[in-house]
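The chain contents come next:
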Amino acid sequence: MHVHAPTRAHRSAGIGPCYAGAVRTVVVGSGSEGNATIFESGGTRVLVDAGLSVRRVRRRYEEATGEALGRVDAIVLTHHHGDHVAHAGRAARAFDAPVYLTPATARQVTLPEETRTRPYARGGRVRIGALEVHAQPVPHDAPQVALVLRDAADCVGLVTDLGETPRALARHLRDCRTLLLEANHCRELLPWAPYPAFIRERIGGPRGHLANAQCATFLGALKAAPLDRVVLMHLSKKTNDPRRARRAAGAALRGRNVQLEVAHQERPMVLEGREARQLTLGLG
């Protein structure tokens, strides 16, 4: 599917401010209660993960952007856990959009028969209108992928639900100017979380979720990418605190011209697309 520059109809659907060369990102919600993020460029709109109801997605999108959420061109699922896929079938029907998912995820997710599905490889790429979506496997207790979304001149990375950062991940993100990266839990708080021991071990294990310290270490080593914005994602309400997450990541980014934000479970966030910079700033 090829999508041309925005028409008047596209602008009325809420895609007006975004053009090729500037990916607008709307974090609808991020956390264990449900995940959904929208990426827009050049008249194309992609919903990544559908862990929140269509009603919430519509309401929060309008709250964040001041625009009604009209057409969605595609829904991309990262893995099969309920906080990422629970509303995928209803979203596909409401937006009349195909669902992109890996074969491993397709085996674990039940979608209505009428749902149009499109496979993508865990290490592959797919073009959806003005956006090209690149996937890279990351370690989790479900077959999970880190995504990079590109348009003509911009690049955004989305990396959540991973227990550690494999060496290939830095290469995968090397062109990203905006990075949405998991900072799920604090290692000092996790032992006191109101979970059974096996759940705490899963969260903190190599196929679980990224701790603040791991997130910070990765950011500190990610010097090749032309980052100018980092958003901390998927924070746990029970085993983390936004101030702790921000403090750890901020220390890793000290001395670099990088904007740092924290995504929330209930409050949406809009990150307006930016034109490609003429000069790449030094990051080290």
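It should be noted that the structure appears before, not after, this text.
First, a word on scope: everything that follows refers to the structure included in this document. (Residues numbered from 1 in each chain as written. Predicted model: local features only at pLDDT ≥ 70, side-chain atom pairs only at ≥ 80, totals over all residues. Heavy atoms only, no water.)

### So, the overall build of the chain
1) Next: Per the secondary structure count, the chain includes nine helices and 14 strands.
2) Next: Put simply, 64% of the contacts in the chain that link residues at least 6 apart link residues at least 24 apart.
3) Next: Roughly 12300 Å² of accessible area belongs to the chain as shown, and the carbon and sulfur atoms make up 50% of that amount. (Helix = DSSP H or I, 4+ residues; strand = E, 2+ residues; numbered from the N terminus. Contact = heavy atoms within 4.5 Å. Areas by Shrake-Rupley, 256 points an atom, 1.4 Å probe, with all protein chains shown as cover.)

### Looking at the pattern of salt bridges
Any two side chains of opposite charge can pair if their charged atoms end up close together.
1) Next: Here the structure, examined in full by the defined rule, presents 15 salt bridges.
2) Next: The residue Asp73 makes a salt bridge to Arg71 at a minimum N-O spacing of 2.4 Å.
3) Next: Among the charged side chains, a network of salt bridges with common partners joins Arg24, Glu40, Arg45, Glu67 and Glu272. (Salt bridge = Lys/Arg side-chain N within 4 Å of Asp/Glu carboxyl O.)

### Description of the sheet that holds strand E11 (residues 178-182)
1) Next: Strand order in the open sheet made by the seven strands is E7-E8-E9-E10-E11-E12-E13, with mixed pairing throughout. At either margin of the open sheet sits one strand with a lone partner, and together these are strand E7 (125-128) and strand E13 (259-262). Strand-to-strand twist of the sheet, defined as the mean angle between neighbouring strand axes without regard to direction, takes the value 20°.
2) Next: In this sheet, strand E9 (residues 144-150) lies alongside strand E8 (residues 131-138) in antiparallel orientation, the contact comprising seven bridges. Bridge assignment links His134 to a residue of E9, and that residue is Val148.
3) Next: Those strands touched by helix H8 (residues 212-221) are E11 and strand E12 (229-233), and its axis lies near 150° from that of E11.
4) Next: In the packing of helix H9 (residues 242-253) onto the sheet, the strands contacted are E12 and E13, and the crossing angle to E13 comes to about 160°. (Pairing = 2+ DSSP bridges. Axes fitted to C-alpha atoms, helices over the stretch in contact; angles between N-to-C directions.)

### Observations regarding the nonpolar core
1) Next: Of all hydrophobic cores here, the largest spans 30 residues; its most connected members are Leu219 and Leu232.
2) Next: Looking at this core, the elements that each hand over two or more residues are E9, strand E10 (155-159), E11, H8, E12, H9 and E13.
3) Next: Not counting residues within four places of it along the chain, the set of residues in contact with Leu219 comprises Leu179, Leu181, Val230, Ala249, Ala252, Leu253 and Arg256.
4) Next: Membership of the second largest hydrophobic core comes to 25 residues, among which are Val76, Tyr120, Leu147 and Leu149. (Core = buried A, V, L, I, M, F, W, Y, C linked by side-chain atoms within 4.5 Å. Buried < 20%, exposed > 50% of the residue type's maximum accessible area, 1.4 Å probe, protein only.)

### Overview of the packing of H8 against H9
1) Next: At a closest axis distance of 8 Å, the pairing of H8 and H9 adopts a crossing angle of 20°. When the interaxial angle is binned, H8 and H9 end up roughly parallel. Considering the relative orientation of H8 and H9, their crossing is right-handed. Between H8 and H9, the residues in contact are Asn212, Ala216, Leu219 and Gly220 and Arg244, Ala245, Ala248, Ala249, Ala252 and Leu253, respectively. (Parallel < 35°, antiparallel > 145°, perpendicular 65-115°, else oblique. Left-handed = near helix turned anticlockwise from the far one by under 90°.)

### Considerations on the environment of Glu113
1) Next: Structurally, the position occupied by Glu113 is in the loop between helix H5 (103-106) and strand E6 (117-119).
2) Next: Expressed as a C-alpha distance, the spacing of Glu113 and Gly89, which sit 24 residues apart in the sequence, is 9.4 Å.

### Focus: the environment of Ala224
1) Next: With respect to the helices and strands, the residue Ala224 is situated in the loop between H8 and E12.
2) Next: Judged by relative accessible area, Ala224 falls into the exposed class, the value being 72%.
3) Next: Separated by 50 residues in sequence, Ala224 and Arg174 have C-alpha atoms that sit 6.0 Å apart.

### Notes on the pairing of E10
The side chains of a regular strand alternate between the sheet's two faces.
1) Next: When you tally the buried positions in E10, you get five out of five residues, the bulk of the element.
2) Next: Of the two faces of E10, the one lined by Cys155, Gly157 and Val159 and the one lined by Val156 and Leu158 are each fully buried.
3) Next: Of the pairings in the sheet, the one linking E9 to E10 comprises four bridges and is antiparallel in character. Across the sheet, residue Leu149 finds its bridge partner in E10, namely Val156.
4) Next: Here E9 hands over to E10 after four residues, the two strands then running antiparallel side by side.
5) Next: Pairing of E10 with E11 involves four bridges; the strand directions are parallel. Note on E11: the bridge partner recorded for Val156 is Thr178.
6) Next: A crossover connection joins E10 to the parallel E11 through helix H6 (residues 167-172); in handedness this β-α-β unit is right-handed. (Right-handed = clockwise from strand over helix to strand, strands pointing away.)

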